[in-house]
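Inside the fold
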Amino acid sequence: MQVVEEHHFTTNPNENSLIIKLEHNNNIIYNTTSEWVKDKEFLHGTSRWGNKISRGQLFWQNELNFFSSRWANKDHVRWRSQPHNLFIKCLQSYFNNIQKDFIKRWNENHCEHTLQEKYFNSTQINKYIGPNDSIGAHADDQPDFGTDPTIMIWSIGIPRKLRFLRLLYNPAKPLSKKIDTEFKPIEINMSPNSILIMAGTTQKNFLHEIEKDPAIQETDIRHSVTFREHNPVSVV
């Protein structure tokens, strides 16, 4: 699988942040999934301010666990696991193999900055329609995803730009989400059938977002398929 774009950061103490885009050439899997996802009814929610979130979402976890152990309110339907689905499990198996091969090759060539292989047991699909569907800057740092998670995003449909914002390193406040305004955001064009991997300490050092894009047509659709290892934890 060909590397299209790579960003590797090791400047902060104990940092090993990897953001990498791969070209996925299996058009059979892509076309089959594109047709499969068209028939799905996506769920919507509201923001903390009561505004409707137009971006659609579906979430599967192999043990039917809720998205986050950290959240006290488990009433949000869109964050509950959908029932078991054979097609989703087949996708997880397929992309687990891609991850396994990638991690093996990476570690063979980066012995000082190795990555851990994960087991994808959850899948989240977001549906973006038109220019206004977006997602704010955030990190995939739920405790259920483990320490230094490897996360894979597969893009279906029209291209959208995925932006990465670097966080200021502050050893006194390791959980700070203050953005480094002097760092030029990384913009990765998520073209159809491309794969993005976020690995190592990326979630500790970066936020990522998809902004509104007036160049997108009202009827344009993109599906973002995200694979993660997801294991519930006890939160005190």
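Just so you know, these numbers come straight off a predicted model, no measurement behind them.

**A few points about the pairing of strand 7 (residues 151-157)**
Counting buried residues in strand 7 gives six out of seven residues, a clear majority hidden from the surface. With four bridges joining them, strand 7 and strand 10 (residues 194-200) adopt antiparallel strand pairing. By the bridge assignment, tryptophan 154 is partnered in strand 10 with isoleucine 195. Inspection of the sheet shows strand 7 paired to strand 12 (residues 221-228) by six bridges, in the antiparallel sense. Of the residues in strand 12, the one forming a bridge with isoleucine 156 is histidine 223.

**Some words on the nonpolar core**
Ranked by internal contacts, the top residues of the largest apolar core, which has 27 residues, are Phe95, Phe102, Ile125, Trp154, Ile195 and Ile197. Of all the elements, helix 2 (residues 86-109) adds the most residues to this core, at seven residues. In terms of nonpolar packing, the next biggest core, distinct from the first, is built from 15 residues, Ile19, Ile153, Ile186 and Phe206 among them.

**Structural notes on the layout of surface pockets**
Looking at the largest pocket, its volume works out to about 1100 Å³. The wall of the largest pocket is formed by 40 residues, among which Ile53, Arg55, Arg78, Trp79 and Ile135 lie closest to the centre. For the lining of the largest pocket, the elements supplying multiple residues, two or more each, are strand 3 (43-46), strand 4 (52-61), strand 5 (122-129), strand 6 (135-138), strand 11 (206-210) and strand 12. For the lining of the largest pocket, the residue count by class is 14 nonpolar, 17 polar and nine charged. By volume, the second largest pocket amounts to about 640 Å³. Taken together, 28 residues make up the lining of the second largest pocket; nearest its centre are Pro174, Leu175, Gln203, Lys204 and Asn205. Here the lining of the second largest pocket takes three residues from helix 3 (residues 202-205), the largest share from any one element. Looking at the lining of the second largest pocket, its residues break down into nine nonpolar, eleven polar and eight charged.

**So, the packing of aromatic side chains**
In total, this model carries 17 aromatic pairs according to the counting rule given. Each ring, one from phenylalanine 9 and one from phenylalanine 206, has its centre 5.0 Å from the other, and the planes form 55°; the classification is tilted. Within this pair, whereas phenylalanine 9 is found in strand 1 (residues 2-9), its partner phenylalanine 206 is found in strand 11, the two being separated by 197 residues in sequence. Geometrically, the ring pair formed by phenylalanine 95 and phenylalanine 227 is stacked, given 4.7 Å between the ring centres and 20° between the ring planes. Taken together, the positions of phenylalanine 95 in helix 2 and phenylalanine 227 in strand 12 put the pair 132 residues apart, joining distant regions of the chain. Here the aromatic cluster, defined as three or more aromatic residues joined through ring pairs, consists of Tyr30, Tyr94, Phe95, Phe120, Trp154 and Phe227. Directly above the aromatic system of tryptophan 36 lies the positively charged group of lysine 40, at a separation of 4.1 Å from the ring centroid.

Parameters and conventions
Residues numbered from 1 in each chain as written. Predicted model: local features only at pLDDT ≥ 70, side-chain atom pairs only at ≥ 80, totals over all residues. Heavy atoms only, no water. Buried < 20%, exposed > 50% of the residue type's maximum accessible area, 1.4 Å probe, protein only. Helix = DSSP H or I, 4+ residues; strand = E, 2+ residues; numbered from the N terminus. Pairing = 2+ DSSP bridges. Core = buried A, V, L, I, M, F, W, Y, C linked by side-chain atoms within 4.5 Å. 1 Å grid on protein atoms, 1.4 Å probe; cavity = no way out; pocket = protein on both sides within 12 Å on 5 of 7 lines; lining within 4 Å. Points joined across faces, edges and corners; volume = space filled by probe spheres on them. Nonpolar A, V, L, I, M, F, W, Y, C, P; charged D, E, K, R; others polar. Phe/Tyr/Trp six-rings, centres within 6.5 Å; stacked < 30°, edge-to-face > 60°. Lys NZ or Arg CZ within 6 Å of the ring centre and 35° of its normal.

Everything listed here is a matter of geometry and, on its own, says nothing about what the molecule does.
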